[in-house]
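# Survey of secondary and tertiary structure
Each chain is listed here by its residues.
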Amino acid sequence: FAVNMEDSENPATKKPKLSEQSEGRSDPMEDESVKNDSDWEESCSTTSTPTVDDNVSRSDTPTNVLRKGRGKSRKAKKAKLAYKCTNYVKEDHGQPLFGVQICPFYYKESQAIIFATVGSNRVTIYECQKEGKIKLLQSYCDANMEENFYTCAWTYDEVTRQPMIAVAGLRGIIRIISPVSMQCIKFLTYTYCLQHVKHYTGHGHSVNELKFHRTKPSLMLSVSKDHSLRLWNIQTDTLVAIFGGVEGHRDEVLSADFNAEGTRIVSCGMDHSLKIWKLDQEEIHKVIQDSYLYNASKNDRPFKTAKIHYPEFSTRDIHRNYVDCVRWLGDL
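Residues numbered from 1 in each chain as written. Predicted model: local features only at pLDDT ≥ 70, side-chain atom pairs only at ≥ 80, totals over all residues. Heavy atoms only, no water.

## Some thoughts on the side chain of Ser 267
- Within the element layout of this structure, Ser 267 appears in strand β14 (residues 264-269).
- Polar contacts involving the side chain of Ser 267 include one to the side chain of His 249, which spans 2.7 Å.
- In this structure Ser 267 touches Leu 229, His 249, Val 253, Ser 255, Ala 256, Ser 273, Leu 274, Lys 275, Trp 277 and Val 326, once residues within four positions along its chain are discounted. (Helix = DSSP H or I, 4+ residues; strand = E, 2+ residues; numbered from the N terminus. Polar contact = N/O pair within 3.5 Å; in protein donor to acceptor, adjacent residues only side chain to side chain. Contact = heavy atoms within 4.5 Å.)

Dropping the structure here:
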């Protein structure tokens, strides 16, 4: 039997026959339409987001391949950045910087932008000056060379209105530093008492993040590798509440955040889960009010810390791996 070689070709690779227009008898209106379609496809190719198969790694995905249109191919235009690097600082300890926070309060007459960095056993405060210059203001070095700070957070004293910065890291010790007096004014630690340092029953492992309440600057939240979140009142040096336990995180807690109203906390960690903890309930309200009234010098008993075992919401169905950062955007 005879085989037609043209019919046996794969339809996917079979070339279409030339039309009359392509043989030289083109219509001007049709050419203009083709040109406009080509320009439209090329403009879309510079802004569209390609879909990537889950089984394909990010490194194998081409990022500079142009779409094949019917018109003349053009290179995608590079987007112009709305910012540029004006300066940079490299700290001499040679260790990674795990955190940087801009101070939202002005405590200098110049009202310049102040920010702090944490890395190794050092907390460094800088000032942004004109023409992109960065000025070193002060630096706090921990006496223990094994300390490695992971996080920092700014707040202010409700009495003096002076800014303070809280730092914590590998050793699980939370320090409150005053940039104005240039000294460490408080330690919140799980170990023994030192001079002028009060004893607290705190985290038993490293602290990964610190956050201050949006409307109550004395309320500080800390999350730890010991699977718990803890709420502190740094004005009266009390441990207000512990979030964890029965329905708490099953592994290291990496991040947490207050919502804008300060009524909820969202947390995440190594257990792939997201949890929302409710603060606007009677038990929490009462213990927060009591923490402001507590005076350790007039009480023989320690402050009665609330223990919250059940979050308002919890899920492990969203992420297939650990979640290392979480933030609120309104109610989202």
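## Concerning the pairing of strand β5 (residues 149-156)
- Along β5, six of the eight residues are buried, which leaves the element largely enclosed by surrounding structure.
- Count of turn residues in the β5/strand β6 (residues 163-169) antiparallel hairpin: six residues, of which Arg 161 carries a positive phi of about 65°. (Buried < 20%, exposed > 50% of the residue type's maximum accessible area, 1.4 Å probe, protein only. Pairing = 2+ DSSP bridges.)

## Focus on the packing of aromatic side chains
- Summed over the entire model, instances satisfying the criterion amount to five aromatic pairs.
- For the ring pair Phe 98 and Tyr 150, a centre distance of 5.3 Å and an interplane angle of 75° mean the geometry is edge-to-face. Of this pair, Phe 98 sits in strand β1 (residues 97-102) while Tyr 150 sits in strand β5, placing them 52 residues apart in sequence.
- Of the residues examined, Phe 98 reaches a relative accessible area of 42% and is grouped as partly exposed.
- With a centroid separation of 5.1 Å and 75° between ring planes, the pair formed by Phe 105 and Tyr 156 is classed as edge-to-face. Taken as a pair, Phe 105 in the loop between β1 and β2 (113-119) and Tyr 156 in strand β5 lie far apart in primary sequence, 51 residues in all. (Phe/Tyr/Trp six-rings, centres within 6.5 Å; stacked < 30°, edge-to-face > 60°.)

Purely spatial values, then, with no claim about function.
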